[in-house]
Amino acid sequence: MSAKPFDDAAAAAAIDYTQYPDARGRFGTYGGSYVAETLVAPLAELAAAYERLRVDPAFIAEFERDLKYYVGRPSPIYHAERLSQQVGGAQILLKREDLNHTGAHKINNTIGQALVARAMGKRRVIAETGAGQHGVATATVCARFGLDCVVYMGATDIERQAINVYRMKLLGAQVVPVTSGSKTLKDALNEAMRDWVTNVADTFYIIGTVAGPHPYPQMVRDFNAVVGREARAQMLEQYGRLPDVLTACVGGGSNAIGLFHAFLNDREVAIVGAEAAGEGIASGHHAASLAAGRPGVLHGNRTYVLCDDDGQITETHSVSAGLDYPGVGPEHAFLKDTGRASYVGVTDDEALAAFHQLARSEGILAALESSHAVAQAIKLARELPKDALVLCNLSGRGDKDVHTIAAREGISL
Amino acid sequence: MSRIDIRFSELRNTGRTGLIPFITAGDPLPDATVALMHALVEAGADLIELGVPFSDPMADGPVIQHASERALAKGVGLAQILGWVRDFRARDAATPVVLMGYMNPVEIHGAARFAQEAAAAGVDGVLLVDCPVEEIDAAAPLRAAGLDQIFLAAPTTTDARLVRICAAAQGFLYYVSFAGVTGAARLSLDDVRARVAAIRQQASTPVAVGFGVRDAASAAAIGAFADAVVIGSALVERLAGAASEEELRTRALGFLAPIRAALDTRGHGR
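Predicted model only: the values in this text are computed from it and were never measured.

Scoring rules and cut-offs
Residues numbered from 1 in each chain as written. Chains lettered and ligands numbered in written order. Predicted model: local features only at pLDDT ≥ 70, side-chain atom pairs only at ≥ 80, totals over all residues. Heavy atoms only, no water. Helix = DSSP H or I, 4+ residues; strand = E, 2+ residues; numbered from the N terminus. Contact = heavy atoms within 4.5 Å. Buried < 20%, exposed > 50% of the residue type's maximum accessible area, 1.4 Å probe, protein only. Arc of directions from axis to C-beta. Phe/Tyr/Trp six-rings, centres within 6.5 Å; stacked < 30°, edge-to-face > 60°. Lys NZ or Arg CZ within 6 Å of the ring centre and 35° of its normal. Salt bridge = Lys/Arg side-chain N within 4 Å of Asp/Glu carboxyl O. 1 Å grid on protein atoms, 1.4 Å probe; cavity = no way out; pocket = protein on both sides within 12 Å on 5 of 7 lines; lining within 4 Å. Points joined across faces, edges and corners; volume = space filled by probe spheres on them. Nonpolar A, V, L, I, M, F, W, Y, C, P; charged D, E, K, R; others polar. Disulfide = S-S within 2.5 Å. Buried area = accessible area lost by both parts, 1.4 Å probe. Pairing = 2+ DSSP bridges.

Participant: What's the story with the environment of Leu99 of chain B in this structure? I'm lost.
Facilitator: All names here are of chain B. Examined against the element boundaries, Leu99 turns out to sit in strand 3 (residues 97–101). Note: C-alpha distance between Leu99 and Gln149 (50 residues apart in sequence) is 10.0 Å. The residues touching Leu99, leaving out its near neighbours within four places in the chain, are Leu50, Val52, Ile81, Leu82, Phe114, Val123, Gly125, Val126 and Leu127.

Participant: How should helix 8 (residues 159–168) of chain B be read in this particular structure?
Facilitator: Each α-helix turn comprises 3.6 residues. Residues three or four places apart therefore point the same way. All of the buried residues along helix 8 of chain B are Arg161, Leu162, Ile165, Cys166 and Ala168 of chain B. Along the long axis of helix 8 of chain B, the arc covered by the buried residues comes to 165°, so they all point the same way. Exposed and facing more than 90 degrees away from the buried side of helix 8 of chain B are Asp159, Ala160 and Ala167 of chain B. Elements that come into contact with the buried residues of helix 8 of chain B comprise helix 2 (37–53) of chain A together with helix 7 (140–144), strand 5 (148–149), strand 6 (151–153), strand 7 (173–176) and helix 9 (189–202) of chain B.

Participant: Quick question: what am I supposed to make of the packing of aromatic side chains here?
Facilitator: Two aromatic rings, taken as a pair, are described by how far apart their centres are and by the angle between their planes. Residues and elements named next belong to chain A. In total, this model carries 11 aromatic pairs over all chains according to the counting rule given. With centroids separated by 6.4 Å and ring planes inclined at 75°, the aromatic side chains of Trp196 and Tyr216 adopt a geometry described as edge-to-face. Linking Trp196 in helix 9 (residues 185–199) with Tyr216 in helix 10 (residues 216–224), this pair joins segments that are 20 residues apart in sequence. Trp196 sits in the buried class, given a relative accessible area of 4%. A cation over an aromatic ring shows up here: Arg144 above the ring of Phe145, its NZ or CZ 4.8 Å from the ring centre.

Participant: Which parts of the structure should I look at to understand the pattern of salt bridges?
Facilitator: Between side chains of opposite charge, a pair can form as their charged atoms come close. Inspection of every chain in the model, using the stated rule, returns 43 salt bridges over all chains. Of the charged contacts in the structure, one is a salt bridge between Asp195 of chain A and Arg124 of chain A, with a shortest N-O distance of 2.7 Å. Of this pair, Asp195 of chain A sits in helix 9 while Arg124 of chain A sits in strand 5 (residues 124–129), and the two are 71 residues apart along the sequence. Residues Asp195 of chain A and Arg124 of chain A agree in their burial class; the two are buried. For Glu117 of chain B, the salt bridge goes to Arg113 of chain B, with nearest N and O atoms at 3.0 Å. Of the two residues, Glu117 of chain B and Arg113 of chain B both sit in helix 6 (residues 111–121), four residues apart, roughly one turn of that helix. Each of Glu51, Arg54, Arg221, Asp222 and Glu331 of chain A takes part in one network of salt bridges that share partners.

Participant: Would you explain empty space enclosed by the protein in this entry?
Facilitator: A complete count under the given rule lists 10 cavities of 30 Å³ or more for this structure. If you add up the space inside the largest cavity, you get close to 310 Å³. Considering the residues around the largest cavity, the lining is formed by 30 residues, among which His105, Lys106, Ser254, Gly322 and Glu369 of chain A are closest to the centre. Taken together, the residues of the lining of the largest cavity sort by class into nine nonpolar, 17 polar and four charged. Taken as a whole, the second largest cavity spans an internal volume of roughly 190 Å³. Every residue lining the second largest cavity is counted, 25 residues in all, and those nearest its centre are Ala59, Asp60, Met100, Tyr102 and Val129 of chain B. Elements that contribute at least two residues to the lining of the second largest cavity include exactly helix 2 of chain A together with strand 1 (18–24), helix 3 (62–73) and strand 3 of chain B. Per-class residue counts for the lining of the second largest cavity are 16 nonpolar, seven polar and two charged.

Participant: In this structure, what is going on with the state of the cysteines? I would like to understand it.
Facilitator: The bond known as a disulfide is covalent and runs between the sulfur atoms of two cysteines. Throughout the structure, instances matching the rule amount to zero disulfides over all chains. For Cys149 of chain A, which is in no disulfide, the shortest distance to another cysteine sulfur is to Cys142 of chain A and amounts to 3.8 Å. Sulfur of Cys131 of chain B: no disulfide; nearest cysteine sulfur belongs to Cys166 of chain B and is 16 Å away.

Participant: So what exactly am I meant to see when it comes to helix 8 (residues 162–170) of chain A here?
Facilitator: Residues and elements named next belong to chain A. Listed as buried for helix 8 are Asn164, Val165 and Met168. Around the axis of helix 8, the buried residues are gathered within 105° of arc, so they sit on the same side. With respect to the buried face of helix 8, the exposed residues turned more than 90 degrees away are Tyr166 and Leu170.

Participant: Even after reading the chapter, I still don't get the interface of chain B and chain A, so can you show me in this structure?
Facilitator: Accessible area lost when the parts come together is the quantity often used to give the size of an interface. Between chain B and chain A, the residue contacts involve 39 residues of the former and 36 residues of the latter. Regarding the contact of chain B and chain A, the summed buried area is about 2,900 Å², with carbon and sulfur atoms giving 51% of it. Interface area lost by chain B to chain A is led by Met58, Ile108 and Glu135 of chain B, which between them contribute 23%. Counting every contact that joins chain B to chain A gives five salt bridges. Among the salt bridges present, the one from Asp56 of chain B reaches Lys186 of chain A, with a minimum N-O distance of 3.1 Å. Split into classes, the residues belonging to the side of chain B that touches chain A amount to 22 nonpolar, eight polar and nine charged.

Participant: Sorry if this is basic, but what is going on with the sheet that holds strand 6 of chain B here?
Facilitator: Sheet strands pair via backbone hydrogen bonds, and the direction of the pair is either parallel or antiparallel. Residues and elements named next belong to chain B. Spatially, the nine strands line up as an open sheet ordered 5-4-3-2-1-9-8-7-6, and their pairing is parallel. Two strands bound the open sheet, and with one partner strand each, they are strand 5 and strand 6. Sheet topology places strand 1 next to strand 9 (residues 228–231); four bridges connect them, and they run parallel. Residue pairing across strands places Ile20 opposite Val230, the latter belonging to strand 9.

Here's what the structure looks like:
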């Protein structure tokens, strides 16, 4: 199988990105459903239910009502004028997903999946979480819809994100520490998948990113795509044109695909994903699956993965727990191969510098994850003329990271 | 006829139920893996399932996950495992060996290269846990190299899919006796019996039953209607921590001998 099926630029230029995934859940050669036999039937049931619901006017209306009145959408596009001046290049615009209820884009997806769970008659919800944002967003909607909630979280992440752990508990969720493997997001995902295999009759698994087996990459994208749809309309309304370039951070890739998707067929808009380069890609301590990985199979889908020559998934590193993942959503793998998007690494240090610069210039504390996107926006803006527009997804707020940042800088609170 | 087919035909002709122990390759003592495989045969194994350790074994329970982690920590890899099979084959040309593992190591190794090397080493079949029949194209090189592709069926498998799985199955069909990960302890015998009977209507291959078989009693109960029983987690748990080749052999014999005896004295009640 060719890793790059779209070497032919003409073929890539003709792709209609709204047509993906295909009926088998494929984005080109990526995606699919590589799962144990016990999960095939429940996934098929979920795919059928979602296929029905995604075009059901009553379902869509309820989803949109919750996004408006519960989440607080639409989130604004904010012109980071002082930051742009400091950088001295293009204008940096921020899509303020940090202003959503619970403080990140994750709630868009959890509301959607909780509505699917309810429609399917499932009373128990499980989720995995890395930084805790998806766990909080899941615990939140479970409280809102009266569903039992169990969140799996790596023991290392529990240490790094104590505040989000307590937040989930306040919302009535049970947080289960995962001590296997690297004790981070991927292990939490493994454990949640095991729970689902065992309790599939009454349990709905709310996956937090655009990875996993079909239909998750599609479903999670669709629920987050509101970000890009809004942004596209807001750009036309506020600026009379589309941005020159989009950027967003990519761990699993849900906020990024959420922003990118509505613009995929706008070929004049450049798209750049910012992966976690950790201590630098050359150091080996990073989580840049697209920039430094290779096609493989992980967590139910074919995608780019970080692994050794024996196919063992390698431990990743990022200062931000939410990007600390050795795979990536299959649609991003597809966009990389078609050349529609490019993916670059942003180091821990660059992300932290961007965090501080945004805080001081605009009064916004960005999540460490989102700070990778801000760092990339700064790099892009520097190379572009003053009238160019860089739209950056500020996917979450940084309150949860204050302790991590203080500890890293040797400050005890 | 593959080595697996020959073995099941021998079992059928002698009216015996097959015993299929699963071990994680390289656990607990990498250098004793070949000796352990011979000990399993000595203890009555008709076929050996050799688990290829993977860092992210989503379908396995804690016992086998920990065995995988231990083996990986000792640097066990695919090339080494194929070497062990080759060494095993030097003294045992009859006992089929099935590799059980996940897609990514095979993909990264290169499916065609893996298939050729595995067949050359004396591997007879491959069970890729995360490769359901819908994704069978990904495993085409295995068949091309003459390896049997073993498929799983589960309580959640629909009738329509069962038809497809039975049509694709080679060697034997592995029925997972309940919806859960390996090593969980739930088993409703009546459900399993009814389900295996239904599978028999469809399948041209023998049916092995696993997931939740722990001891002589459960093995004998399952063996009354299955062509073979698979014992994994309980055996891996028993072998864990053994400090020498001899201790491994003693533990394997001690654990499997009563199961073998129970399967054999029960007679073939089908």
